[in-house]
Amino acid sequence: MGEPVTRYRFMAGLPRTGTNALAAVLSQNPAVYLSPQSELAEQMLTIERTSRQCEDVALGTMADNHAALLAGSLDAFYANQPQAVIIDKSRRWGTPYLLQMLTRVLGESPRVLCPVRPLTEVVASFVAKAQQHESNFIDRAMREQEFMPLYRKPIDDARVDWLLSPGGLLDLSILSVYAAHHPETRHHFHVYTYADLVTEPGKTLDGIYDFLGVERFAHDFSNLPGEAETHSGRVLGVPDFHAVRPVLAAKSPDPATVLTDYGMARCQMEDFWTAH
């Protein structure tokens, strides 16, 4: 018998949608691994763009070799991960170009999880953390970039503008949500909501497993492994940014108590997936 074949699945969608809690839940299943935010998509994109500058690839004479190189990068990246199903998390996976690349590399339609949540709640979660931690990464980035709204608007409105700016933190996430709703690409995606994950976790996990093509698993949602503070959170200047609570439950501020009228309106204008 040959070695078991690892099945690769992907996660895009919006941040602040409970993906770290989902990873803690899935860690109970020895057959499945959900990565933290990964740079694999960026690395494969670099290989793709570099290879396309080569004459043989451009002429199509080494297309199979090119696809094998990209596929091999998946195996190499997760060579030390023993699980049969690997879910790589990157906001880039949901973009149209990356979906096309994955289809070529995998030889089948990629399966991409796409968690969503009202944009007001997502942005309010970021802004609330920035309000609580003076050394937060949002304010640090705005100062380093000399982001103009920082000097022209109230700080919380500048934070909203930075999060939603073109090429900003949420730009690729929103593009992936758009692809998940577009008729030509939505077959790649399984969309689920943060609210469903925290209020109906069993039903939500069953839907996720069915989409991934993985046998369902009985999870314990009341005893999750996690930390109150994480290394990644400390690097971002928000120690509890990726914290996972022992019990799967919603704990988020009311966006209207965090965002200004401007911030609320800006989010609602960008949010095409939530019925207002």
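Residues numbered from 1 in each chain as written. Predicted model: local features only at pLDDT ≥ 70, side-chain atom pairs only at ≥ 80, totals over all residues. Heavy atoms only, no water.

*Asks:* Help me get a handle on the pattern of salt bridges, residues and values and all.
*Replies:* For the structure on display, the rule yields 10 salt bridges. Asp-139 serves as the salt-bridge partner of Arg-159, at 2.7 Å between the closest nitrogen and oxygen. With Arg-159 in helix H9 (residues 155–164) and Asp-139 in helix H7 (residues 137–145), this pair connects stretches of sequence that are 20 residues apart. (Salt bridge = Lys/Arg side-chain N within 4 Å of Asp/Glu carboxyl O. Helix = DSSP H or I, 4+ residues; strand = E, 2+ residues; numbered from the N terminus.)

*Asks:* Help me get a handle on the packing of aromatic side chains, residues and values and all.
*Replies:* One pass over the structure, following the stated rule, counts 7 aromatic pairs. Pairing Phe-10 with Trp-93 gives two aromatic rings, centres 4.8 Å apart and planes at 55 degrees, and the pair type is tilted. Here Phe-10 is found in strand S1 (residues 7–11), whereas its partner Trp-93 is found in the loop between strand S3 (85–89) and helix H5 (96–106), with 83 residues between them in sequence. Each member of the pair Phe-10 and Trp-93 is classed as buried. Pairing Phe-77 with Tyr-78 gives two aromatic rings, centres 5.0 Å apart and planes at 75 degrees, and the pair type is edge-to-face. Look at Phe-77 and you get partly exposed, because its relative accessible area is 31%. Among the aromatic residues, those joined into a cluster by ring pairs are Tyr-8, Tyr-33, Phe-77 and Tyr-78. (Phe/Tyr/Trp six-rings, centres within 6.5 Å; stacked < 30°, edge-to-face > 60°. Buried < 20%, exposed > 50% of the residue type's maximum accessible area, 1.4 Å probe, protein only.)

*Asks:* Let's hear about the environment of Val-85: which residues, and what values?
*Replies:* For Val-85, the position within the fold is in strand S3. For Val-85, a relative accessible area of 1% corresponds to the buried category.

*Asks:* Outline helix H15 (residues 261–270), listing residues and values.
*Replies:* Turning to H15, its buried residues are Gly-263, Met-264, Arg-266 and Cys-267. Angular distribution of buried residues about the axis of H15 spans 165 degrees; they occupy a single face of the element. Exposed side of H15, more than 90 degrees from the buried face: Asp-261 and Met-269 are the residues found there. On its buried side, H15 packs onto helix H6 (119–132), H9 and helix H14 (255–258). (Arc of directions from axis to C-beta. Contact = heavy atoms within 4.5 Å.)

*Asks:* Quick one: what's the story with the sheet that holds strand S5 (residues 189–193), residue by residue and with numbers?
*Replies:* Within a sheet, neighbouring strands are paired by backbone hydrogen bonds and run either parallel or antiparallel to one another. In space, the 5 strands of this open sheet follow the order S2-S3-S1-S4-S5, with parallel pairing throughout. Sheet topology places strand S2 (32–37) and S5 at the edges, where each strand pairs with a single neighbour. In this sheet, neighbouring strand axes are inclined to one another by 25 degrees on average, regardless of whether the strands run parallel or antiparallel. Where S1 and S3 come together, 5 bridges link them in parallel fashion. Bridged to Met-11 within S3 is Lys-89. (Pairing = 2+ DSSP bridges. Axes fitted to C-alpha atoms, helices over the stretch in contact; angles between N-to-C directions.)

*Asks:* With reference to specific residues and values, describe the packing of H6 against H15.
*Replies:* At a closest axis distance of 8 Å, the pairing of H6 and H15 adopts a crossing angle of 135 degrees. Taken together, H6 and H15 sit at an angle that is classed as oblique. Considering only the axes of H6 and H15, their crossing is right-handed. Contact residues: Leu-119, Thr-120 and Val-123 in H6; Met-264, Cys-267, Gln-268 and Glu-270 in H15. (Parallel < 35°, antiparallel > 145°, perpendicular 65-115°, else oblique. Left-handed = near helix turned anticlockwise from the far one by under 90°.)

*Asks:* Residues and numbers for the packing of H9 against H15, please.
*Replies:* H15 packs onto H9 with a crossing angle of 15 degrees between their chain directions and a minimal axis gap of 9 Å. The angle between H9 and H15 places the two elements in the roughly parallel class. As for the relative orientation of H9 and H15, their crossing is left-handed in sense. For the pair formed by H9 and H15, the contact residues are Asp-157, Val-160, Asp-161 and Leu-164 on the first element and Tyr-262, Gly-263, Arg-266, Cys-267 and Glu-270 on the second. Partitioned by chemical class, the residues of the contact of H9 with H15 number 4 nonpolar, 1 polar and 4 charged. (Nonpolar A, V, L, I, M, F, W, Y, C, P; charged D, E, K, R; others polar.)

*Asks:* Before we move on, can you summarise the nonpolar core with the specific residues and values?
*Replies:* The nonpolar side chains of a soluble globular protein tend to be buried, and buried together. Judged by nonpolar contacts, the single largest core of 53 residues is most densely connected at Trp-93, Leu-119, Val-123, Leu-170 and Leu-259. Filtering out sequence-adjacent residues up to four positions away, Leu-119 remains in contact with Leu-164, Leu-170, Ile-174, Cys-267, Glu-270, Asp-271 and Trp-273. One finds Leu-26, Leu-34, Tyr-194 and Val-198 within the second-largest nonpolar core, a separate group that totals 25 residues. (Core = buried A, V, L, I, M, F, W, Y, C linked by side-chain atoms within 4.5 Å.)

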